[in-house]
Amino acid sequence: MNYLNKFSDQVQLMERAEDNKVVKERISMKNISQVQPSFEKELSKMRLLTLQTSFLRSGAYFIGTQQSGKALYEVSVNFQHVNPKDSFLCGYLHIQGLTKDNSSLTTYFEGEIIGPKYGFITKRPEWGSTEKIDLQHWIRFQAFRPFAKNIKKPDFKCKYELFKDHVFMRWKEMYIVSKNDNEQVSDYGIALNGISYAGFYYICFQQSMGNISGIYYHKNSEQFQQLTLQHDGNRTFSKFEFR
């Protein structure tokens, strides 16, 4: 009798263990079904992030226009070197139709990417800007407006994230280059046959679309000249690396 009782108890324990196993499997399957959509969502985000960074790279080429008053000039830009980690990029800007003496002009420029290293307020007195001028230009970009109320705070830092859709920059033309060998032929502070490039561009770059909007500033130039560029996927340029 005792043996039968013990056997019955063992059977009940085995049945309970089996029931617990089934319950655990059901819970596990439920958890998997809950996790799967989240994983797919994250994977979708990863694909989007890859798309958003595809235009901000060395060798990328852009075409568009710069408008100054009623005049409209054809412009092309190619990035030679892009280093988001150091908040830096550089390249060449080519503009056509400026003057009779210079039907086309190419300049070498360097850019500051707004983020932990560079803020929205320009810290280069030689560029001729002030805090008021900076705000007057940045506010023209709709994507900037959420930052507007904070940029005057001493401890404010724009957290630059490569994966965000809008990236803000400043581009400064450093010198004119020759048509043949890209050698420097004039410093940026010197006008060449009536052409001056002593100013700089405020830039808003929309990564998901490959669009660049810019506003040129120089105290002696027409205000709020508009730069509009679109990525050209059919053309890429050779690039170099800084060491």
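Sequence order as written defines residue numbering, which begins from 1 separately in each chain. Reporting of local features is limited, given that this is a predicted model, to residues whose pLDDT is at least 70; pairs of side-chain atoms are given and counted only at 80 or more, and all residues count toward the totals for whole chains, interfaces and linings. Heavy atoms from the whole structure form the basis of all side-chain values; hydrogens and water molecules are not counted.

By the naming in an unreviewed UniProt entry, the protein chain goes by Glucose-induced degradation protein 4 and is assigned to Pneumocystis murina.

**Q** For this particular structure, what's the right way to read the pairing of strand 1 (residues 61-68)?
**A** The two faces of a sheet get side chains in turn, since along a regular strand they alternate between them. Bridging between strand 1 and strand 2 (residues 71-83) involves 8 bridges; their strand directions are antiparallel. Within strand 2, the position partnered with G64 by the bridge is V75. Should DSSP find at least two bridges between two strands, the strands are taken to pair. Labels follow the DSSP assignment, with helices taken as runs of H or I lasting at least four residues and strands as runs of E lasting at least two, numbered in each case from the N terminus. What sits between the antiparallel neighbours strand 1 and strand 2 is a turn of 2 residues, in which G69 has the positive phi angle 65°. Summarising the sheet, strand 1 and strand 9 (residues 225-231) pair through 6 bridges and their orientation is antiparallel. Of the residues in strand 9, the one forming a bridge with F62 is H231.

**Q** Just checking my understanding: could you explain the pattern of salt bridges for this structure?
**A** Pairing of side chains with opposite charge becomes possible as their charged atoms draw close. We count a salt bridge whenever a side-chain nitrogen from Lys or Arg sits within 4 Å of a carboxyl oxygen from Asp or Glu. The full count for this structure, using the stated rule, is 3 salt bridges. Linking K117 and D86 is a salt bridge whose minimum nitrogen-to-oxygen distance equals 3.1 Å. Here K117, found in the loop between strand 4 (104-113) and helix 2 (131-138), pairs with D86, found in the loop between strand 2 and strand 3 (88-96); they are 31 residues apart in sequence, far enough to count as distant. Exposure is judged per residue with a 1.4 Å probe applied to protein chains only, and the accessible area is read against the type maximum: over 50% gives exposed, under 20% gives buried, and values in between give partly exposed. For D86, a relative accessible area of 37% translates into the label partly exposed. Salt-bridge contacts for E112 lead to R170; the nearest nitrogen and oxygen are separated by 3.1 Å. Taken together, the residues E112 in strand 4 and R170 in strand 5 (residues 166-177) connect sequence positions 58 residues apart. For E112, a relative accessible area of 7% corresponds to the buried category. A single network of salt bridges, built from pairs that share partners, joins E112, R124 and R170.

**Q** Any chance you could explain the nonpolar core here in plain terms?
**A** Nonpolar side chains tend to gather and get buried jointly when the protein is soluble and globular. Put simply, a nonpolar core is a bunch of buried Ala, Val, Leu, Ile, Met, Phe, Trp, Tyr and Cys residues held in one set by side-chain atoms that sit within 4.5 Å of each other. Formed by 27 residues in total, the largest nonpolar core has its most connected members in V77, F79, M169, W171, F205, I212 and L229. If you list the elements that add at least two residues to this core, you get strand 2, strand 3, strand 4, strand 5, strand 7 (200-206), strand 8 (211-217) and strand 9. Element by element, the count of residues in this core is highest for strand 2, at 5 residues. Counting 17 residues, the second largest nonpolar core, distinct from the first, contains W127, I151, F168 and Y202.

**Q** In this structure, what is going on with the confidence of the model for the protein chain? I would like to understand it.
**A** The predicted coordinates of low-pLDDT regions are not to be read in fine detail. One number per residue, pLDDT, summarises how confident the predictor is, and it ranges from 0 to 100. The predicted model of the protein chain averages 75 in pLDDT, with 62% of residues at 70 or higher. Taken element by element, the predicted model of the protein chain shows its lowest mean pLDDT in helix 1 (residues 2-52) (45) and its highest in strand 8 (97). In what follows, a contact means two residues having at least one pair of non-hydrogen atoms within 4.5 Å. Below a pLDDT of 50 lies the segment residues 22-52, which in the model reaches 7 contacts outside its immediate sequence neighbourhood of four places, other chains included. This stretch, residues 239-243, has a pLDDT under 50; its non-local contacts, to residues over four places away or in other chains, come to 11 contacts.

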